[in-house]
Amino acid sequence: MLSDLAVLVRAPAALTVPGDAFVGAAAAGRLSARTAATAASSVCLYWAGMALNDYADRHLDILERPERPIPSGRVSARTALTTACALTAAGLGISAWAGGPRALVGTVPLAVSVWAYDLVFKGTRWGPAAMAATRALDVLRAAGPSGLRSVLPAAAVACHVHTVTQLSRREESGSSAALPAATLGMTASLALGLATVSKAPERRLPPPAVIVPLAAYLTSFGAAQARAVRRPTAERIQAAVGAGILGLVPLQAALVGRTGAPKVAALISAVLPLARYLTRRTSPT
């Protein structure tokens, strides 16, 4: 049962989530032990969203993904919904425990956005924007009262997530080459923009804590999109989506590196090999 629940919530993909909290806190100059609790709260809400996603898609998955836990009968729809509710409550509880009632000012809107995406926006043209907004909120809430200082990092994460979500809408059917070409352009522009903005006046190049994870970002997510441009089949689009989900990790590392916290950036980057290994066993999409 636990292994089936792990598949339901796409457990390994949650390794891409804690970096949001560290990005927001680092940008606001608020890195502390509390940041780890904020990250744990985010993981619970992410898993809640994944369980709710399968609950909302249970009828569609009978046709498109019969191997998923609900259509295969390994997990009941009721259990999936209960899991989503319990994990949402856990996310809110951890947030309140770590930051007090004031922390819920940021966490409640995040939880609402997770549920709204799965139940309202996902199948609409507003789906990618709604998903992007959810991850932006995850970054901003970690910044606390200094949230305005995290607007640029939150926008960068939102831009990336919007790109991945656009691709994900075609991972079952495939697409024309125009879609991965457009998202590849957005990815390259984002990486170039972050590299340019991060340069200090006395530097000719960004610091290694920025340029190394950005290079990893481009060679993983960018390369997967380039392969999809050459042959935009469902298999290659799905591979690009998976690379994009994992691509959040080096992107988060680069954003933290911009704030002058290279050790924290290195710790975030170190998550990537483990995430790649685990997602070979359990698909993140």
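Cut-offs applied
- Residues numbered from 1 in each chain as written.
- Predicted model: local features only at pLDDT ≥ 70, side-chain atom pairs only at ≥ 80, totals over all residues.
- Heavy atoms only, no water.
- Axes fitted to C-alpha atoms, helices over the stretch in contact; angles between N-to-C directions.
- Helix = DSSP H or I, 4+ residues; strand = E, 2+ residues; numbered from the N terminus.
- Parallel < 35°, antiparallel > 145°, perpendicular 65-115°, else oblique.
- Contact = heavy atoms within 4.5 Å.
- Nonpolar A, V, L, I, M, F, W, Y, C, P; charged D, E, K, R; others polar.
- Phe/Tyr/Trp six-rings, centres within 6.5 Å; stacked < 30°, edge-to-face > 60°.
- Buried < 20%, exposed > 50% of the residue type's maximum accessible area, 1.4 Å probe, protein only.
- Lys NZ or Arg CZ within 6 Å of the ring centre and 35° of its normal.
- Salt bridge = Lys/Arg side-chain N within 4 Å of Asp/Glu carboxyl O.

Visitor: How should I be thinking about the packing of helix α11 (residues 234-258) against helix α12 (residues 262-269) in this particular structure?
Guide: Two packed helices can be described by the angle between their axes and the distance between those axes. It is at 8 Å that the axes of α11 and α12 come closest, and there the two elements cross at 175°. When the interaxial angle is binned, α11 and α12 end up roughly antiparallel. Side by side, α11 and α12 meet where Val249, Gln252, Ala253, Val256 and Gly257 of the first sit next to Val264, Ala265, Ile268 and Ser269 of the second. Within the contact of α11 with α12, the residues separate by chemical class into 6 nonpolar, 3 polar and no charged.

Visitor: Honestly, the packing of aromatic side chains in this entry has me stumped. Any pointers?
Guide: Any pair of aromatic rings gets described here by the distance separating the centres and the angle formed by the planes. Considering all chains together, one arrives at 1 aromatic pair under this definition. Relative to Phe221, the ring of Tyr217 lies with its centre 6.2 Å away and its plane at 50°, an arrangement referred to as tilted. With a gap of 4 residues between them, Tyr217 and Phe221 both fall in helix α10 (residues 208-230), about one helical turn apart. When sorted by exposure, Tyr217 lands in the same class as Phe221, which is buried. In this arrangement the basic side chain of Arg58 is found over the ring face of Tyr55, its NZ or CZ atom lying 4.1 Å from the centre.

Visitor: Where do I start with the pattern of salt bridges in this structure?
Guide: Side-chain pairs of opposite charge can arise where the charged atoms are in close proximity. For the coordinates displayed, the defined rule picks out 8 salt bridges. Put simply, Arg68 and Asp54 hold a salt bridge, and the shortest N to O gap is 2.7 Å. On the criterion of sequence distance, the pair formed by Arg68 in the loop between α4 (58-64) and α5 (77-99) and Asp54 in helix α3 (residues 33-56) is long-range, its members being 14 residues apart. As far as the burial class goes, Arg68 and Asp54 line up, both buried. For Asp57, the salt bridge is made with Lys122, and the minimal N-O distance between the two is 2.6 Å. Separated by 65 residues along the polypeptide, Asp57 in the loop between α3 and α4 and Lys122 in the loop between α6 (104-121) and α7 (127-143) bring together distant segments of the chain. We classify Lys122 as buried; its relative accessible area is 17%.

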